[in-house]
Every structure is written in C-alpha cells, then in structure tokens.
Amino acid sequence: FRDNPQLALDYYTVFAELEQQLAEEFDFVAEAVAMDRIYQSLITAPDGTVRDLPLVVPRPVAGLVSRRVLVMDYLRGVPLSRARDEMLRRGVGPETP
C-alpha cells in the first residue's frame, strides 16, 4: 500500500484533518457535556424516573472546566492490571456480565 506510486498522498489534507480531529478530541467543554449526557442517560429509567446506579460515574466539576482543562470527580479504584484479582477477592466472577 505505502509503496504504491499510484496512490498519491496529500499530506496537507491528512494533517488538516488530524488538526481538526485533535481539536475536537481535546475540547474539554464538549467532553464535559458528553460526560453529563452519559450520566443523565444512565440515571434515567425507561419510564423517565430517576434510578440508583450500581456503579459510580465521574462527573465534571462545574466552574472548573474550560476548553483546555477538565476537572472531574476523583474516584478511587483498582488499576485494570489488578481488576481480575480484585474481582475474585470480592467474590465476583470475572466472566460474569
């Protein structure tokens, strides 16, 4: 693929697209809005009532979010590299849904 001279590569177009995608990816105001949207969808039951969650979801901290900074709740947890051992310690089967 890379060695095929028939496929010209326009680096300007590639890098312009990369710049746009990275700007969107690192827009932390948009990320905070998405976090809130996910939280709201999780706590809203199909009938529209609010329900308790069986998990903890980090929330953005209002007033501390800008395009370049995202402050959210700190959640203590277990690194993924130790998740299996922690699940077994708590009596949860790692293969359970």
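Residues numbered from 1 in each chain as written. Predicted model: local features only at pLDDT ≥ 70, side-chain atom pairs only at ≥ 80, totals over all residues. Heavy atoms only, no water.

Novice: Where do I start with the side chain of Glu-86 in this structure?
Specialist: Assignment of secondary structure puts Glu-86 in helix H3 (residues 83–89). Glu-86 gets classed as buried once you look at its relative accessible area, which sits at 17%. A polar contact of 2.7 Å, which involves the side chain of Glu-86, links it to the side chain of Arg-90. (Helix = DSSP H or I, 4+ residues; strand = E, 2+ residues; numbered from the N terminus. Buried < 20%, exposed > 50% of the residue type's maximum accessible area, 1.4 Å probe, protein only. Polar contact = N/O pair within 3.5 Å; in protein donor to acceptor, adjacent residues only side chain to side chain.)

Novice: Even after reading the chapter, I still don't get the pairing of strand S1 (residues 60–65), so can you show me in this structure?
Specialist: The side chains of a regular strand alternate, first on one face of the sheet and then on the other. Taken together, the two bridges between S1 and strand S2 (residues 70–72) define a ladder with antiparallel strand orientation. Within S2, the residue paired with Pro-60 across the bridge is Met-72. Hairpin connection from S1 to S2: four residues lie between these consecutive antiparallel strands. (Pairing = 2+ DSSP bridges.)

Novice: How do you make sense of the pattern of salt bridges when you look at a structure like this?
Specialist: A pair can form between side chains of opposite charge whenever their charged atoms are brought close. Taken as a whole and judged by the stated rule, the model has five salt bridges. The residue Glu-86 makes a salt bridge to Arg-89 at a minimum N-O spacing of 2.6 Å. Residue Glu-86 and its partner Arg-89 are both found in helix H3; the two are separated by three residues, about one turn of the helix. Residue Arg-89 is classed as exposed on the basis of its relative accessible area, which comes to 61%. Arg-90 serves as the salt-bridge partner of Glu-86, at 2.7 Å between the closest nitrogen and oxygen. Bridged by salt links that share partners, the residues Glu-86, Arg-89 and Arg-90 form one connected network. (Salt bridge = Lys/Arg side-chain N within 4 Å of Asp/Glu carboxyl O.)

Keep in mind these values describe shape, not function.
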